[in-house]
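# Geometric and topological summary
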Amino acid sequence: MTNTIYVLNGPNLNLLGLREPDIYGSDTLDDIAAMLEDCARGLGYEIDMRQTNHEGMLVDWLHEAQAEGAKAVLLNAGAYTHTSIALLDAIRAIRTPVIEVHLSDPSTREEFRHLSYVGMTAAKTVQGLGARSYIVALEAVAEL
Ligand code: DQA
């Protein structure tokens, strides 16, 4: 196993900073990557941060995380969280632990966000802390 942690981000998260800042905050994904890198250095991890708008790409990256011996995956699947049985299956198909991450708290938002296929099978969920959700999730890797 390596010390690499995959941080996988799904649809529309490339627009963080511009996108509904009242909900998601003003940090961009690059800002979050920089914060994670800082924190990871202290914890002895390497961060591999990625974003895609495509569901199948997230599936491929989850498979890759296992094939490459990643220590863990932090997954913010965006809206696919609430729709994707393919992601649920992919998380179940790999042994690499997956932590579900959200900037907002979907459980307090529209009802269609209350169901999380990712959360049904993730090792842990961290949500509602803005960009800090990613940091808290990174710190939680040690407890998995
Ligand atoms: C999100 C929450 C999802 O409901 C939404 O579709 C997103 C972002 C979050 O980080 O708060 O795209 O995953």
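It should be noted that the structure appears before, not after, this text.
What you see is a predicted model, and the numbers here were worked out from it, not measured in a lab.

### Some points on the pattern of salt bridges
Side chains that carry opposite charge are capable of pairing whenever their charged atoms lie near each other. Following the criterion strictly, the structure yields five salt bridges and no others. Two residues, arginine 41 and aspartate 38, come together in a salt bridge whose shortest N-O distance is 3.3 Å. Of the two residues, arginine 41 and aspartate 38 are both situated in helix 2 (residues 29–43); the distance of three residues between them amounts to about one turn of the helix. Each member of the pair, arginine 41 as well as aspartate 38, is classed as exposed. A salt bridge links arginine 50 to glutamate 64; the nearest nitrogen and oxygen atoms lie 2.7 Å apart. Taken together, the positions of arginine 50 in strand 2 (residues 46–51) and glutamate 64 in helix 3 (residues 55–67) put the pair 14 residues apart, joining distant regions of the chain. Assessed through its relative accessible area of 16%, arginine 50 is described here as buried. Among the charged side chains, a network of salt bridges with common partners joins Asp48, Arg50 and Glu64.

### Focus: the site of the ligand
Looking at the ligand, the residues that line it are Arg19, Tyr24, Asn76, Gly78, Ala79, His82, His102, Leu103, Ser104 and Arg113. The contact in question runs from an oxygen atom of the ligand to an N or O atom on the side chain of arginine 19, over 3.0 Å. In the environment of the ligand, an oxygen atom lies 2.7 Å from a nitrogen or oxygen atom belonging to the side chain of histidine 82. Coverage of the ligand by the protein chains reaches 99% of its 330 Å² of free accessible surface. Within the shell around the ligand, the residues separate by chemical class into three nonpolar, five polar and two charged.

What counts, and at which threshold
- Residues numbered from 1 in each chain as written.
- Predicted model: local features only at pLDDT ≥ 70, side-chain atom pairs only at ≥ 80, totals over all residues.
- Heavy atoms only, no water.
- Salt bridge = Lys/Arg side-chain N within 4 Å of Asp/Glu carboxyl O.
- Helix = DSSP H or I, 4+ residues; strand = E, 2+ residues; numbered from the N terminus.
- Buried < 20%, exposed > 50% of the residue type's maximum accessible area, 1.4 Å probe, protein only.
- Near = heavy atom within 4 Å.
- Polar contact = N/O pair within 3.5 Å; in protein donor to acceptor, adjacent residues only side chain to side chain.
- Areas by Shrake-Rupley, 256 points an atom, 1.4 Å probe, with all protein chains shown as cover.
- Nonpolar A, V, L, I, M, F, W, Y, C, P; charged D, E, K, R; others polar.

Spatial relationships are all this shows, so hold off on functional conclusions.
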